[in-house]
Amino acid sequence: GLGCTTTTLPSMFDCETNAENWQTTWSASKQDYCCNKGGAKCDKFDCATGLESWKTSWSIERADWCCTKKGLACDRQEPKQYDCEDGLDYFESLWSADKRQYCCSHEEVGCDLYDCDKGHEHAWCPPRVEWCCEHRGKGCDYLQEAEWQGERQQL
């Protein structure tokens, strides 16, 4: 204030020496003082060291923190919208159109209209036989046999 002299109390710790390695070189009491009161910039994680191999060497917690706080190590995949293994054997009848589109574009499963590896072609409905023959080359023998016998309409 006006007419008052201010004095600065000496710091308990030198918060500049070894600041770049504060996590490993400072004692717990020095970390507490310097990080909370001494003006040192203390980050929970060192986001620079090992950045070139973060995908294989960092914990998820470290990568998430560095991405959020520093904009580094951010290309982790978004959380999955659907479990594309759940119900995969019956995707044709169980999955919604949204799940099929997601799983096809993200995991390349459930993309076909029909699962041409499931069941016996003699038990397939006519559209399935035609689709699987045209797109996957499966069921064509049965399709040709039915055409030869004039039964295509009755498949």
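These numbers come from a predicted model, not from an experiment.

Colleague: Give a detailed account of the state of the cysteines, specifying residues and quantitative values.
Modeller: Taken as a whole and judged by the stated rule, the model has eight disulfides. One disulfide in the model links C15 with C34; its S-S distance is 2.0 Å. Sign of the S-S torsion, about -80° for the bond between C15 and C34, identifies this disulfide as left-handed. One end of the pair, C15, is in the segment before α1 (22-25); the other, C34, is in helix α2 (residues 28-36), and 19 residues separate them in sequence. For the pair shown, C15 and C34 are each scored as buried. Between C35 and C42 runs a disulfide, and the two sulfur atoms are separated by 1.8 Å. One quick way to see it: the torsion about the S-S bond of C35 and C42 is about -85°, and its sign makes the bridge left-handed. Assessed through its relative accessible area of 24%, C35 is described here as partly exposed. No disulfide involves C125; its sulfur sits 8.7 Å from the nearest other cysteine sulfur, which is in C132.

Conventions used here
Residues numbered from 1 in each chain as written. Predicted model: local features only at pLDDT ≥ 70, side-chain atom pairs only at ≥ 80, totals over all residues. Heavy atoms only, no water. Disulfide = S-S within 2.5 Å. Helix = DSSP H or I, 4+ residues; strand = E, 2+ residues; numbered from the N terminus. Buried < 20%, exposed > 50% of the residue type's maximum accessible area, 1.4 Å probe, protein only.

Spatial relationships are all this shows, so hold off on functional conclusions.
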